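What follows is the residue order along each chain.
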Amino acid sequence: MIESLFVLSPTGKVIIEKHWHELIPRRVVDYFNDQVSKAMSAGEDVTREDVLPIISTPKYQLINVYRDGLTYLSPVTKEVDPMMVFEFLHRIPDILQEYFGQVSETVIKENFVTVYQLLEEMIDDGFPLTTEPNALKEIVPAPNILNQVVAAVGAATSVSTRKMPHGMSNLPWRKAGVKYSSNEIFFDIVEEIDAIVDSTGKAVSCEAHGNIQTNSRLSGMPDLTLSFVNPRLVDDCSFHPSVRFNKWESDKVLTFVPPDGHFRLMSYRVNMPSQQNLPVQVKPSINVGANGAKFDITVSLRNTDNKPLEGVVLTLPLHKSTTTLTAQCNMGQYMFDPVGKVLRWDIGKIVPRERAPVLSGSFGFGSTSSEAAANAGYNIGVEFLINGHSLSGLKVDVLKLINESYKPYKGVRTMTKAGRYQVRA
Amino acid sequence: MYNMDAYLKTLTSNAVKLTKKIRKNLDSKYEKEKLDGLKRLIAMISKGRDVSEFFPDVVKNVASTSLEVRKLVYIYILRYAEQEQDLALLSINTFQKDLSDKNQLIRAMALRVMSGIRVPVISPIVMLGIKKCVTDLSPYVRKIAAHAIPKCYQLDPAQKDALIDIISTMLGDNSTFTIGSVLMAFNQVCPDRLDLIHPQFRKLCMMLGDMDEWGQITAMDLLLRYSRTQFLNPIGKTSALTARAKKEKSVVKSFYSDDDSDVSHHSSNSSDSSSDDENNSVDQDLAFLLKCALPSLQSRNSQVVLSVAKLYTHLAPAEESYKIGRPLIRLLRSHRENQYVVLNNIVAIVSQRPYVFDQFYQYFFVRSTDPVFIRNLKLDILTMIATESNITFILRELQEYVKSSNKDFVTQAIEAIGRCASNIPEMTESCLGGLLKLAYSKSESVVAESVIAIRRLLQQRPDDSIVLITQLAKAIDDITEPLARANIFWLVGQHCSQLPTVAPDVLRKAAKSFCSENEHGKLQILTLGGKLVALEGASSKTINLLFQYVLNMARYDLDYNVRDRARFLRALVYGDQKQLAAGDQDAEAHENGDAKEPSDHMEDMSGFEYSEKGLNLSDHVKAILLSEKPAPIQENPSHGREHYTVGSMSLVLNRVVAGYESLPEWPTVQPDPSQELAVGGGASRYDGQAGTYRGAQTLDKFLESSSEEDTSSSGGETDSDGSEESSEEGSDEGSEENSGGSDDDEKEEGKKGADNHEEEEEEEESDGSGEGSSEEEEEEEAILPAASKRSNGRR
């Protein structure tokens with residue numbers, strides 16, 4: 001049972017609270033804040049992310065989710081499946097994002113009433129009730145420019161004329177009576193590579209996951225069938241509730257009545273034939289001495305379909321005792337954050353068959369340097385994206401529509417990017 | 001309400017003004033102004049302020065024509081009704097009227113608010129409302145009605161029986177939208193009335209995949225409990241070994257391929273007789289549940305996936321459980337909080353069935369960005385799933401972690417290497433090699449940890465450790481970390497009989513550095529000396545002198561533990577040498593007078609005196625000092641989680657949380673649902689029948705809608721089922737005869753109708769199954785119809 005929710009600002013102040021069952025006193029929040037600061041003072045490299053998601057106290061179990069600076073704290077008194085609570089707590093910012101375009105302290109404060117109404121609808125007496133964005137939008141109207149303007153101008157009459165929508169559609173994820181003048185649906189196939197590459201360039205662990213982000217702007221109740229040229233490439237899928245499992249099992253096609261607006265149609269794992277498919281190779285070499293180290297990092301392209309690599313950023317967290325850093329690079333620009341001890345190299349775009357970006361330089365440890373600093377290993381985080389390329393080669397074949405008479409416009413985009421991609425030096 | 005008072009004080013005048021303004025707004029005749037006032041109030045509620053003083057002003061607006069206004073009024077009433085019970089009653093009338101509104105949303109909202117007002121007086125009215133809405137045409141309203149049931153129960157527990165009646169009616173609901181909430185109400189109000197589930201079991205299994213995600217979670221909870229009380233244990237009939245063999249066989253097939261999701265198929269393919277036995281032991285209905293739950297592994301909701309894993313862990317035979325591996329791994333890509341829960345559950349699953357995850361070892365490799373709690377769990381899992389085939393990769397990875405700049409992490413990684421080595425005896429050699437290399441590392445903590453790990457390992461296998469100990473003993477000059485040195489001294493002492501040349505030399509070096517050791521080091525040096533002297537006796541003068549030297553150093557040590565140990569050893573080893581003992585006693589007395597020793601020292605003294613009286617401890621010096629020490633059991637930090645239900649909070653916290661109920665044990669005899677029904681009251685039996693009938697209807701709908709899938713599977717099923725059924729029904733016959741009451745017959749008549757209807761359907765669907773067989777079934781059912789009450793849904 002999910003009993004209460006407190007949304008806390010980055011400083012630990014309550015922005016909004018909601019109790020679905022019985023009132024839980026606010027001092028729980030004070031206790032929670034104490035625990036968080038206690039946990040964070042335990043070590044110098046402990047961050048807010050290291051705080052346990054469930055803090056156990058004799059009476060309450062403080063289940064908390066930390067996302068985008070806000071803490072969603074739900075104290076529970078009784079046994080409950082914690083995963084369900086986490087899943088639900090993560091739905092809240094998802095829904096707020098859907099409603100307001102962004103989630104922050106200010107956004108919540110500006111929309112207290114809407115947020116409160118949403119929370120009211122999402123849970124009934126401790127149990128999730130309506131969590132589909134489409135269904136919620138039927139019950140709690142999202143703010144749009146029109147009614148904001150109306151409110152500003154003060155056209156009081158329009159308020160009473162707005163009626164409660166009649167149709168709860170039979171499909172909980174789609175609202176009834178949707179109308180668009182031009183019917184279009186967009187599929188974004190985004191594949192992310194998670195890899196750990198060791199210093200010799202060999203992938204220790206490597207996997208890729210894709211998901212299909214969809215934006216549906218179709219009228220009525222369209223029943224879609226999406227087929228792929230090469231569906232066998234994907235494995236271990238999970239689907240939006242609208243997708244019929246059986247059809248996928250038997251025919252490897254996706255049949256579904258889409259929700260209106262943005263949703264994630266499907267996510268899947270890519271069968272990686274070999275680790276040679278990594279699109280980029282980062283070759284770091286760091287020679288550590290007693291007082292500092294010399295390093296150079298080379299980035300070269302591999303297997304990108306002749307597409308350029310964009311948004312390439314390398315981050316190298318350095319040892320805490322590092323004080324000075326000098327470097328030069330032939331592309332992009334680097335930045336050393338002396339407080340967080342992070343070297344960030346923003347390369348930007350790398351075009352195939354052009355010179356490989358190199359960053360080289362040296363850094364020195366301060367007077368407090370210990371032997372531990374000399375022995376520490378280094379990890380380079382890598383970010384990049386490739387437009388128009390999918391690692392798996394998954395291709396959409398046809399989109400068929402039944403139930404409606406119009407012919408929809410279908411847009412498909414593919415993109416490959418780095419997920420949790422890490423190179424050890 | 002932080003700073004509330006201060007805030008109010010500074011703003012008193014403003015607050016009064018505001019109050020007046022809100023009052024005026026609420027009384028206004030314009031909707032817009034009312035709305036404005038209400039919005040202010042709601043905003044204040046959400047900030048946690050107490051605005052109950054406005055209750056009379058707000059409740060006036062409950063019948064407002066504007067829906068906007070009304071919704072906000074409802075929110076306000078829900079929040080404060082408990083405090084203002086009398087005033088809240090004023091609003092009830094409106095809700096009752098709204099229950100007949102044309103708009104389903106308004107009907108639903110009215111019931112929701114009414115049941116949410118926690119005023120016990122109105123419970124009969126809520127009851128009426130629920131009864132009215134249960135038969136509503138809109139599934140949404142019925143869903144809300146189901147949600148109102150536990151609320152009504154909390155208001156007035158005396159209504160329980162009436163509410164159970166409603167629940168049992170609603171269990172017959174065929175809307176996938178509603179049923180999840182009904183099951184939730186069932187779990188809240190009458191979790192023990194599992195007899196109500198009998199007629200619905202197969203229907204619930206069928207609907208499982210189509211319920212909304214939260215409904216699936218509730219349903220699987222219920223079905224798990226049901227299965228644990230109604231079926232015999234299919235787990236544990238196969239040993240882990242065969243399970244692993246099986247897994248390897250089936251993993252070759254594609255993961256979700258149709259045939260291997262069907263239990264009976266699985267068996268019919270394999271020829272060896274033992275596996276056939278196993279499959280007979282899985283109840284058909286249970287197998288059906290497991291099969292129906294399988295597609296939910298593809299849900300986007302992590303808890304749904306975890307719930308399926310829960311079913312498979314607690315219900316499925318060992319060779320089935322590998323199916324949950326891959327989907328649980330997928331959840332590791334989710335938010336870190338979810339990862340935390342999944343990893344905890346994987347730890348619990350792995351400690352019972354490590355073969356589910358051993359091929360996925362690389363997904364548990366730690367990233368430098370992983371939060372601490374994730375990192376630790378991953379390390380635990382890695383050590384638990386290590387097998388001969390993956391250990392080399394895991395070890396290489398663990399050695400990589402030792403380079404981390406985080407000390408705790410390094411410590412844990414080394415510990416993990418040690419645990420891996422002790423889990424897999426074949427790999428101990430190479431693990432020890434790796435650890436030994438680490439013992440020469442520059443980092444002190446690494447050295448300490450690795451020596452400790454080596455010591456633990458060597459204790460487990462005392463036979464062939466001499467070479468390693470010699471190596472460590474040689475390294476003692478380079479190793480500065482006190483803890484590491486202490487461990488080496490202990491090791492040398494323990495094995496000194498096998499180290500005739502090395503051990504005395506170590507003692508020599510130790511004596512030289514005695515003063516610079518820390519407490520642990522000194523204690524271990526003393527023990528080492530004592531052991532050597534005990535072993536060699538007085539034969540070696542050098543050793544004796546060395547030991548004496550050490551003892552003398554220790555006598556004047558600052559730490560009383562060290563002094564204590566020295567005195568004890570002196571008495572023990574040299575106890576029978578009178579003059580030494582006398583000298584020693586002098587010293588003791590002197591020391592006792594001087595140094596304000598704690599009084600418990602006297603115990604040692606008295607022990608010494610006993611020995612003089614005849615119980616001569618020193619005769620047993622060797623036995624005391626050189627006894628075999630039991631190897632420490634290396635307990636995994638996450639040990640104990642496997643006792644809890646997968647997915648529960650108690651499992652994550654590794655302690656019992658309030659409200660946790662462990663799963664019921666499997667029954668030892670096959671329970672007979674028909675008997676339970678006969679015992680139950682008249683009402684439940686009636687409902688049972690109704691439910692069956694409706695269940696059959698859904699079934700037909702399902703068959704129509706997903707005919708393709710059914711034919712494909714049913715064709716195969718009937719083939720393999722044939723033999724199983726005959727044996728199963730043979731056993732049922734016995735129980736059936738026992739329970740042949742007249743009540744039963746009546747019910748059976750009703751059921752048979754449904755059965756026949758079913759079978760016709762089935763025949764049309766699957767031409768493959770011979771007519772003869774179905775007639776046979778019909779005949780059998782005529783003899784023993786209630787036996788397969790649950791299973792009639794499918795036949």
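All of these numbers come straight from a predicted model, not from anything done at the bench.

Colleague: Hey, could you run me through the overall build of chain A in this one?
Modeller: When helices and strands are counted, chain A shows nine helices and 23 strands. A total of 425 residues make up chain A; the buried ones form 39% of that total. When contacts within chain A are restricted to residue pairs at least 6 apart in sequence, those whose partners lie at least 24 apart make up 70%.

Colleague: Would you take a moment to explain the overall build of chain B for this structure?
Modeller: Along chain B, the regular secondary structure elements total 40 helices and zero strands. Looking at chain B as a whole, 46% of its 795 residues qualify as buried. Residue pairs in contact within chain B that sit at least 24 positions apart in sequence constitute 73% of those at least 6 positions apart.

Colleague: How should the interface of chain A and chain B be read in this particular structure?
Modeller: How big an interface is tends to be stated in terms of the accessible area lost upon association of its parts. Counting residues at the interface gives 69 residues for chain A and 84 residues for chain B. If you tally residues by element for the side of chain A that touches chain B, the top one is helix H2 (residues 82–100) of chain A, at six residues.

Colleague: Any chance you could explain the sheet that holds strand S15 (residues 292–301) of chain A here in plain terms?
Modeller: Backbone hydrogen bonds are what pair the strands of a sheet, in a parallel or an antiparallel way. All names here are of chain A. Spatially, S14-S15-S20-S17 is the arrangement adopted by the four strands of the open sheet, whose pairing is antiparallel. Taken across any chain shown, the strands that pair with only one partner, and hence form the sheet edges, are strand S14 (280–288) and strand S17 (322–329). Averaged over all neighbouring strand pairs, the angle between strand axes comes to 15 degrees, with direction disregarded. Sheet topology places S14 next to S15; nine bridges connect them, and they run antiparallel. Bridged to Lys283 within S15 is Thr298.

Colleague: Quick question: what am I supposed to make of the domain arrangement of chain A here?
Modeller: Residue and element names in this part refer to chain A. Each assigned domain of chain A is listed here: domain 1 (4–146), domain 2 (184–275 + 389–424) and domain 3 (280–387). For domain 2 and domain 3, the distance between their C-alpha centres works out to 33 Å. Listed per partner, the contact involves 11 residues of domain 2 and 17 residues of domain 3.

Colleague: Please explain the nonpolar core as it appears in this structure.
Modeller: Nonpolar side chains in soluble globular proteins tend to end up buried together. Counting residues in each nonpolar core, the largest one holds 246 residues, and the members touching the most others are Ile77, Ile149, Ile167, Ile417 and Val492 of chain B. Sequence-distant contacts of Ile167 of chain B, defined by excluding residues within four places in its chain, comprise Ile149, Val182, Ala185, Phe186, Val189 and Cys190 of chain B. Judged by nonpolar contacts, the second largest core, of 52 residues, contains Val197, Leu224, Val312 and Ile350 of chain A.

Colleague: Can you help me understand the packing of helix H5 (residues 67–80) of chain B against helix H7 (residues 104–116) of chain B in this one?
Modeller: Packed helix pairs are characterised by how far apart their axes lie and by the angle those axes make with each other. Residue and element names in this part refer to chain B. For the pair H5 and H7, the least separation of the axes is 9 Å and the interaxial angle reads 20 degrees. With respect to their mutual orientation, H5 and H7 come out roughly parallel. Crossing angle aside, the handedness with which H5 passes H7 is left-handed. Between H5, through Tyr74, Ile77 and Leu78, and H7, the contact on the second element is made entirely by Met109, Val113 and Gly116. Along the lines of polarity and charge, the residues of the contact of H5 with H7 split into five nonpolar, one polar and no charged.

Colleague: Could you clarify how one ought to interpret the pairing of strand S4 (residues 61–67) of chain A in this entry?
Modeller: A regular strand carries its side chains on alternate faces of the sheet. All names here are of chain A. For S4, a buried count of six out of seven residues is recorded, marking the element as mostly surrounded by other parts of the structure. Here three bridges tie strand S3 (residues 54–56) to S4, and the two strands are oriented antiparallel to one another. By the bridge assignment, Ser56 is partnered in S4 with Gln61. Two elements, S4 and strand S5 (residues 70–76), share seven bridges in a ladder whose sense is antiparallel. Directly across from Arg67, in S5, lies its bridge partner Leu70. The antiparallel hairpin formed by S4 and S5 contains two residues in its connecting segment, where Asp68 sits at a positive phi of about 50 degrees.

Colleague: Please clarify how unusual backbone geometry should be interpreted in this entry.
Modeller: Backbone phi values are negative for most residues with the exception of glycine, while trans is the configuration of most peptide bonds. Positive phi, close to 55 degrees, is recorded for Lys341 of chain A, a residue that is not glycine. On the basis of neighbour count, Lys341 of chain A is assigned to the partly exposed category, with 18 C-beta atoms found within 10 Å. For Asn654 of chain B, which is not glycine, the phi dihedral falls at a positive 60 degrees.

Colleague: What should I look at first to understand the packing of helix H4 (residues 112–122) of chain A against helix H3 (residues 31–46) of chain B in this one?
Modeller: Viewed as axis vectors pointing N to C, H4 of chain A and H3 of chain B meet at an angle of 65 degrees, and their least axial separation amounts to 9 Å. Classed by the angle they form, the pair H4 of chain A and H3 of chain B counts as roughly perpendicular. With respect to the hand of their crossing, H4 of chain A and H3 of chain B are arranged in left-handed fashion. Within the contact between the two elements, H4 of chain A uses Phe112, Val113 and Tyr116 of chain A and H3 of chain B uses Lys39, Ile42, Ala43 and Ser46 of chain B.

Colleague: Sorry if this is basic, but what is going on with the confidence of the model for chain A here?
Modeller: Close reading of the predicted structure is inappropriate where its pLDDT is low. Per-residue confidence for chain A gives a mean pLDDT of 85, with 91% of residues at or over 70. Here residues 155–164 of chain A is a poorly scored stretch, pLDDT under 50, and it has 17 contacts once near neighbours within four places are set aside; other chains count.

Colleague: Got a minute to help me understand the sheet that holds strand S10 (residues 223–228) of chain A in this structure?
Modeller: Residues and elements named next belong to chain A. Strands sit in the order S12-S10-S22 across an open sheet of three strands; the sheet is antiparallel. The sheet terminates laterally at strand S12 (253–256) and strand S22 (396–402), the two strands that pair on one side only. Taking each pair of neighbouring strands and ignoring which way they run, the sheet shows an average axis angle of 15 degrees. Judged from the six bridges that link them, S10 and S22 form a sheet pairing that is antiparallel. Paired with Phe228 across the bridge in S22 is Val396.

Colleague: It is not clear to me how helix H28 (residues 502–513) of chain B should be interpreted in this structure. Could you clarify?
Modeller: Residues and elements named next belong to chain B. With 12 residues, H28 should cover 16 Å at 1.5 Å per step; its first-to-last C-alpha distance of 17 Å lies within 8% of that length. Every buried residue of H28 is listed here: Ala503, Pro504, Val506, Leu507 and Ala510. Projected down its long axis, H28 carries its buried residues within an arc of 155 degrees, all on one side. In the core, the buried residues of H28 are packed alongside helix H26 (466–475), helix H27 (482–494), helix H29 (519–536) and helix H30 (541–555).

Colleague: Looking at this structure, how should I read the pairing of strand S8 (residues 184–197) of chain A?
Modeller: Residue and element names in this part refer to chain A. Looking at chain direction, S8 and strand S9 (residues 203–217) are connected through 14 bridges and run antiparallel. Residue pairing for S9: Val197 is matched across the bridge by Ala203. Taking the residues that link successive antiparallel strands as the turn, the S8-S9 hairpin has five residues, and the phi of Gly201 there is positive, at about 90 degrees. Inspection of the sheet shows S8 paired to strand S23 (residues 409–424) by 13 bridges, in the parallel sense. Along S23, the bridge assignment pairs Phe187 with Val412.

Colleague: Teacher, can you tell me more about the confidence of the model for chain B here?
Modeller: Residues and elements named next belong to chain B. Residues at a pLDDT of 70 or more form 70% of chain B, whose mean pLDDT is 74. Mean pLDDT per element in chain B: helix H37 (residues 682–705) is the minimum at 37, and helix H18 (residues 302–315) is the maximum at 93. Scored below 50 in pLDDT, residues 243–279 shows 46 contacts in the model against residues more than four places distant or in partner chains. Predicted confidence is poor over residues 677–795, with pLDDT under 50, and the contacts of this stretch with residues over four places away or in other chains come to 138 contacts. Note on the complex model: pTM 0.80, ipTM 0.91.

Colleague: Help me out: how do you make sense of the environment of Glu642 of chain B in this one?
Modeller: Inspection of the secondary structure puts Glu642 of chain B in the loop between helix H34 (621–625) and helix H35 (649–653). The spacing of Glu642 of chain B and Val347 of chain B is 295 residues in sequence and 7.8 Å in space, taken between C-alpha atoms.

Colleague: How should I be thinking about the environment of Lys474 of chain B in this particular structure?
Modeller: Note that Lys474 of chain B resides in helix H26. Between the C-alpha atoms of Lys474 of chain B and Lys97 of chain B, which are 377 residues apart in sequence, the distance is 92 Å.

Colleague: Help me understand helix H17 (residues 284–293) of chain B in this model?
Modeller: Since the α-helix packs 3.6 residues into each turn, any two residues three or four apart lie on the same face. Buried residues dominate H17 of chain B, accounting for eight of its 10 residues. For H17 of chain B, the complete set of buried residues consists of Gln284, Asp285, Leu286, Ala287, Phe288, Leu289, Leu290 and Ala293 of chain B.

Colleague: Can you help me understand the environment of Lys252 of chain A in this one?
Modeller: Turning to its location among the elements, Lys252 of chain A is positioned in the loop between helix H8 (245–251) and S12. Taking C-alpha positions, Lys252 of chain A is 42 Å from Pro357 of chain A, a pair spaced 105 residues apart along the chain.

Criteria and cut-off values
- Residues numbered from 1 in each chain as written.
- Chains lettered and ligands numbered in written order.
- Predicted model: local features only at pLDDT ≥ 70, side-chain atom pairs only at ≥ 80, totals over all residues.
- Helix = DSSP H or I, 4+ residues; strand = E, 2+ residues; numbered from the N terminus.
- Buried ≥ 20, exposed ≤ 12 C-beta atoms within 10 Å, placed from the backbone.
- Contact = placed C-beta atoms within 7 Å.
- Pairing = 2+ DSSP bridges.
- Axes fitted to C-alpha atoms, helices over the stretch in contact; angles between N-to-C directions.
- Domains from an automatic or database assignment.
- Core = buried A, V, L, I, M, F, W, Y, C linked by C-beta atoms within 7 Å.
- Parallel < 35°, antiparallel > 145°, perpendicular 65-115°, else oblique.
- Left-handed = near helix turned anticlockwise from the far one by under 90°.
- Nonpolar A, V, L, I, M, F, W, Y, C, P; charged D, E, K, R; others polar.
- pLDDT = per-residue confidence, 0-100.
- Expected span 1.5 Å × (residues − 1).
- Arc of directions from axis to C-beta.

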